[in-house]
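# Structural overview
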Amino acid sequence: MPTSFNETIIEEFRANGGKVGGPFEGGDLLLLTTTGARSGTERTTPLGFVRHGELILLIGSNLGAPSHPGWYHNLLAHPVVRVELGTSTFQALAVPAEGERRDELFAHAVRCAPGYEDYRAKTERVLPVVVLERADPDGWRPGEVRTLADKVMEVHTWLRGQLRQVSAEADAHFALRADPRGPGEPPAPGLGLQIRQRCLAFCQALEFHHTSEDGHLFPGIARYHHDLADTFARLDEEHRAVARIQSALAELLAGIAIAEPDRFRAELARMSAELNAHLDHEEETIVPLLADVPWPPAPPAEAATGPS
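The following refers to the structure shown. If you're wondering where the values come from, they're calculated on a predicted model, not measured in any experiment.

## A closer look at the sheet that holds strand E7 (residues 129-134)
- Read across the open sheet, the seven strands follow the order E2-E1-E5-E6-E7-E4-E3; overall the sheet is antiparallel. Edge positions in the sheet fall to strand E2 (42-48) and strand E3 (50-52), since each has one partner strand and no second. Pairs of neighbouring strands in the sheet enclose a mean axial angle of 35°, with direction left out of account.
- Alignment of strand E5 (residues 80-85) against strand E6 (residues 88-96), held across six bridges, turns out to be antiparallel. Residue pairing across strands places Arg82 opposite Gln91, the latter belonging to E6.
- Running over the sheet, helix H3 (residues 99-112) touches E3, strand E4 (55-59) and E7 and is turned about 120° from E3.

## Topic: H3
- Compared with an ideal rise of 1.5 Å per residue, which puts 14 residues at 20 Å, H3 spans 20 Å between its outermost C-alpha atoms and is within 8% of the ideal.
- Residues of H3 that are buried: Arg102, Leu105, Phe106, His108, Ala109 and Val110.
- Where H3 is buried, its residues meet E3, E4, helix H4 (115-121) and E7.

## Here we look at the nonpolar core
- Ranked by size, the top nonpolar core spans 25 residues in total, and within it Cys199, Phe202, Leu206, Phe264, Leu268, Met271 and Leu275 carry the most contacts.
- Broken down by secondary-structure element, the contributors of at least two residues to this core are helix H5 (148-178), helix H6 (193-222), helix H7 (229-252) and helix H8 (261-285).
- Beyond its immediate sequence surroundings of up to four residues, Phe202 is in contact with Leu159, Gln162, Leu163, Met271 and Leu275.
- Formed by 17 residues, the second largest nonpolar core is a distinct cluster that contains Phe49, Leu58, Trp71 and Leu85.

## Side note on unusual backbone geometry
- Trp295 connects to Pro296 through a cis peptide bond whose omega is 0°.
- Here Pro296 lies in the segment after H8.
- At Asn62, a position not held by glycine, the phi torsion is positive, near 50°.
- By the element assignment, Asn62 lies in the loop between E4 and helix H2 (70-77).
- Unusually for a residue other than glycine, Leu63 sits at a positive phi of about 55°.
- Judged by its relative accessible area of 61%, Leu63 falls in the exposed class.

## Re the layout of surface pockets
- A volume near 990 Å³ is recorded for the largest pocket.
- Lining the largest pocket are 32 residues, with Gln91, Gln204, Ala205, Phe208 and His209 positioned closest to its centre.
- Among the secondary structure elements, those contributing two or more residues to the lining of the largest pocket are strand E1 (29-35), E5, H5 and H6.
- When grouped by side-chain class, the residues that make up the lining of the largest pocket number 17 nonpolar, nine polar and six charged.

## Observations concerning the pairing of E2
- As judged from the seven bridges shared by E1 and E2, these two strands associate in the antiparallel manner. Looking at E2, one finds that Thr34 is bridged to Arg43.
- In this antiparallel pair of consecutive strands, E1 and E2, the connection spans six residues, and Gly40 shows a positive phi of 75°.

Thresholds applied
Residues numbered from 1 in each chain as written. Predicted model: local features only at pLDDT ≥ 70, side-chain atom pairs only at ≥ 80, totals over all residues. Heavy atoms only, no water. Pairing = 2+ DSSP bridges. Helix = DSSP H or I, 4+ residues; strand = E, 2+ residues; numbered from the N terminus. Axes fitted to C-alpha atoms, helices over the stretch in contact; angles between N-to-C directions. Contact = heavy atoms within 4.5 Å. Expected span 1.5 Å × (residues − 1). Buried < 20%, exposed > 50% of the residue type's maximum accessible area, 1.4 Å probe, protein only. Core = buried A, V, L, I, M, F, W, Y, C linked by side-chain atoms within 4.5 Å. 1 Å grid on protein atoms, 1.4 Å probe; cavity = no way out; pocket = protein on both sides within 12 Å on 5 of 7 lines; lining within 4 Å. Points joined across faces, edges and corners; volume = space filled by probe spheres on them. Nonpolar A, V, L, I, M, F, W, Y, C, P; charged D, E, K, R; others polar.

Now the structure itself:
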């Protein structure tokens, strides 16, 4: 099967530390890996980008086509993306800019790369401007991980940090709506894409964590601790309770705009109470059992071979 043009660029990019030749030589190029909105499979796309201070901007030009590019639809469904830039690879939270900020960032992009104005003139749609932000909550730093207990606590700390940040952003949004000050208009009645994208990323990470616990961690511990049957029954029910709230949040996040911000805020508060109580209980009953389990796990020893 012949190699596609994109695949050729990707191979050249990775083989040469982010440098490519041909029409892209000397240009700003990165590789963006998104998760398919429908397929759930990873897709990597070479994209030009624009720097704005410390920000990295992506423009959903699609060469001026009438529809948004596939990678844009993917990041709306799965906000955490993987970025390859030069020789570095990192995760980022993809957040489309809105309103005046979007217009200002697009104007900056056009000053840096005038071709984007040509693409804008070819279509009636508004070209999305996507900001790649840190995927981790503000102030979060991974600690030293030596045991499985350390790893579980690292995940719990990350989840708590994400939830606090989403809650803080939602509270700030509501406060500004109630008492707008300074230049500009107050926020629209809905919630912003910044809040949507971070909350959706949190929900997807939480679902993955609980699925891993239910499928691997808890059954593995239960085989050696039959006395904890009641504990695992309670944890299972807590997972179900959190999943019900998560489902309600996912329903509210299904569209680009959050249509029911007051309900979203109520469900978020319920999630904070339920999840923090669940994590506290898990840390009290399960995490101490993992303190002597090394992480990462050692690779399985190869069977000794000898003459038959």
